[in-house]
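Fold and contact review
Here is what each chain is made of, one letter per residue.
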Amino acid sequence: MFKNLTIRQKQIAWAWAFLAVPVIFYVVIRFYPTGNAFVISFQEWNLLGTRSWTGLDNYVKLWNDPVFWKVFINTFEYLLIGTPISLLISFIIAYHLDKVRTAHGFLRMLYFLPFMTSAVAMAWVWRWFYQPVPTGLFNNMLASVGIPQIAFLNSTTNALPAVLAPAVWAGLGFQVIIFMAGLRAIPTSYYEAARIDGVGWWTQLTQITIPLLRPTIVFIVVFSSIGFLRIFDHVFNMTTNNPGGPLNATKPLVLMIYETAFSSFDMGYAAAQTVVLFLILLVVSLIQLRLLRSD
Amino acid sequence: MLLFLGGIIMVMPIAYMISTSLKWPHEVYNVNLIPEEPTIENYTYVLEDGRFYGWFVNSLIIAVLTTISNLFFDSLVGYTLCKFKFPGRQIVFIAILSTLMIPTEMLVIPWYLMSQSFGWLDTYWGIMFPGLMTAFGVFLMKQFFESVPDDFIEAARIDGLNEFQIWWTVAMPLVRPALAALAIFVFLGNWTAFLWPLIVTNSVELYTLPVGLSGFGDEADVAWELIMTGAAISTIPTLIVFLIFQRFIIRGVVMAGLKG
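Computed from a prediction, not measured in an experiment: that's the story for all the values here.

**Thoughts on the overall build of chain B**
If you tally the helices and strands in chain B, you get 14 helices and 0 strands. Reading the helices (α) and strands (β) of chain B from amino to carboxyl end gives α-α-α-α-α-α-α-α-α-α-α-α-α-α. Dimensions of chain B along its principal axes, counting C-alpha atoms only, are 70 × 55 × 30 Å. In chain B, which comprises 260 residues, the proportion classed as buried is 55%. For chain B, long-range pairs separated by at least 24 residues make up 69% of all intrachain contacts whose partners lie at least 6 apart in sequence. In the form shown here, chain B has an accessible surface area of approximately 11200 Å², with 68% of it arising from carbon and sulfur atoms. Charge-centre separation for chain B: the mean point of 11 positive side chains lies 19 Å from the mean point of 20 negative side chains.

This is how it looks when you write it as structure tokens:
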């Protein structure tokens, strides 16, 4: 029967044969759960009892939950501190690394290595660095030059930046590589022309390099913002004795979702939080794309 | 010179992790990078305990199987969407790409409920199933199949190969660099994955390395030199792979970054 089909019909048959398993996968493992998350967010369910519809109750509860607002602010602190800092540092490194000829590959490797590490492993390494004397490396170093100890993870003001630092550190290598690819793509003739015109390096940087890097910058900003909004591994592993602590000072939205769903088993409430996370990610990426594309 | 210094600072945490894993307990609090009397005692201790060995094997099996599945399905779908003309092609492509907008965190609750009702909790399959295919992989592979000339495929058709053979024997070898880049990303992603394996596993034997390490560090009596050894065990394999395939991986990052 297959033999009687036209060439075009055979093509269509082959295409759908190839796509059959993947289409089922995307429907069952991606689309159905997405819809399901929305549905559960309108229900009350503790995983054991019955599910009941509660309308917008979970969202109202979220709006009136002081912990949620603390977590919301924390999540944006990770984003608003992490993204500009990592963007600036990685640009400076890439800009200079691009000009270096000697040991270029070796230097690039040094900056890239942290990207290859596991967030969980590195969270524990940094957690050790932050311990008070006599355990922690940083405080030991401070003590040896006579500077008083710093409470890194036990202070409500220091803990969030302390948790953010390894996340920024681990992501730099990736951003440096992407920036360097962007820098390579700028034609050298632009710089030669500028040099002939006697234009200084600052003008070259602001008039040629940065404008032509716009697509790269857009990509890195969106990519790293999404990463910081979804931060979890670092926070969870650096504060396991009191997840998100002290006093919720480091708790991001994903950690709140994890605890609501898998410690308190409040599935409906957790699902409502995931919907909020989804909307935040959507809005942030749309705003950034719009802002960076205009003008 | 400053760049060199910066680079050294960047690798310091990794260096300290490795150096501390080679130190005796009494030396852990010494800020010297080079251990006075290096020892592999910590490694023997941690590996003889058996748990780390098991977690290592779990992570390896899961990361390898997921990578194979992704290479196969992502490129099959990417190829089909690129080289076949059929009604619904555009819809399938957009539908798959649209899943990139959905954060994993939103899916974990439904996945957990699904795993619970199908008995997938605490199984390899349960850990793996969400990651068997990725939209990013489909997109990457589709981009690369664009560079395979249609003439090659026509010629293979005239030679009497069927469509599956054409994809597997003609098109696939031509996109090897893309497959390598995809393999690295999927492998690394699954090797370091934490949230979903943490949720779906209950028994210590089924933990992956990150989940195991996380719990191991929390045991009150565990010493830092042992935690650093555990961290090193979960990091050193990827570092070795990186040092061997360095150029390749960096090219892959650039390709994936710019295409994605």
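**What to know about the packing of aromatic side chains**
As enumerated under the stated definition, the model contains 60 aromatic pairs over all chains in all. Relative to Trp169(A), the ring of Trp126(A) has its centre 5.6 Å away and its plane inclined at 55°; by these criteria the two rings are tilted. Of the two residues, Trp126(A) sits in helix α5 (residues 119-130) while Trp169(A) sits in helix α7 (residues 159-184), which places them 43 residues apart along the sequence. Relative to Phe152(A), the ring of Tyr130(A) has its centre 4.8 Å away and its plane inclined at 35°; by these criteria the two rings are tilted. Highlighted residues: Tyr130(A) in helix α5 and Phe152(A) in the loop between α6 (137-144) and α7, separated in sequence by 22 residues. Accessibility expressed as a relative area gives 6% for Tyr130(A), which makes it buried. By relative accessible area, which is 15% here, Phe152(A) ends up buried. Taken together, the ring pairs in this structure connect Trp14(A), Phe18(A), Phe72(B), Phe73(B), Tyr79(B), Phe84(B), Phe145(B), Phe164(B), Trp167(B) and Trp168(B) into an aromatic cluster.

**Quick look at the nonpolar core**
Within soluble globular proteins, side chains that are nonpolar generally end up buried alongside one another. Phe232(A), Tyr258(A), Phe262(A), Ile109(B) and Phe145(B) are the most contacted members of the largest nonpolar core, which totals 184 residues. With 16 residues, the top contributor of residues to this core is α7(A). Not counting residues up to four positions away in its chain, the partners in contact with Phe262(A) are Met267(A), Val108(B), Ile109(B), Tyr112(B) and Ile199(B).

**Details of the pattern of salt bridges**
All names here are of chain B. For the structure shown, the criterion picks out 10 salt bridges over all chains. One salt bridge connects Glu 219 with Arg 51, and the closest N-O pair in it is separated by 2.8 Å. Of this pair, Glu 219 sits in the loop between α12 (209-218) and α13 (224-244) while Arg 51 is found in helix α3 (residues 51-83), placing the two residues 168 residues apart along the sequence. Arg 157 is the partner of Glu 163 in a salt bridge, and the nearest nitrogen-oxygen pair spans 2.8 Å.

**Re the interface of chain B and chain A**
At the junction of the two partners, chain B supplies 84 residues and chain A supplies 85 residues. At the boundary of chain B with chain A, total buried surface from both sides reaches about 7800 Å², with 80% on carbon and sulfur atoms. The largest contributions to the chain B side of the interface with chain A come from Leu3(B), Met10(B) and Met106(B), which together make up 10% of the buried area. Here chain B and chain A share 1 salt bridge between them. For Glu105(B), the salt bridge identified is with Arg230(A), shortest N-O distance 3.1 Å. Applying the counting rule to chain B against chain A returns 14 residue pairs in polar contact (both at pLDDT 80 or more). Looking at the side of chain B that touches chain A element by element, the count peaks at 13 residues for helix α1 (residues 2-21) of chain B.

Reading guide: rules and limits
Residues numbered from 1 in each chain as written. Chains lettered and ligands numbered in written order. Predicted model: local features only at pLDDT ≥ 70, side-chain atom pairs only at ≥ 80, totals over all residues. Heavy atoms only, no water. Helix = DSSP H or I, 4+ residues; strand = E, 2+ residues; numbered from the N terminus. Buried < 20%, exposed > 50% of the residue type's maximum accessible area, 1.4 Å probe, protein only. Contact = heavy atoms within 4.5 Å. Areas by Shrake-Rupley, 256 points an atom, 1.4 Å probe, with all protein chains shown as cover. Lys, Arg positive; Asp, Glu negative; His and termini not counted. Charge placed at Lys NZ, Arg CZ, Asp CG, Glu CD. Phe/Tyr/Trp six-rings, centres within 6.5 Å; stacked < 30°, edge-to-face > 60°. Core = buried A, V, L, I, M, F, W, Y, C linked by side-chain atoms within 4.5 Å. Salt bridge = Lys/Arg side-chain N within 4 Å of Asp/Glu carboxyl O. Buried area = accessible area lost by both parts, 1.4 Å probe. Polar contact = N/O pair within 3.5 Å; in protein donor to acceptor, adjacent residues only side chain to side chain.

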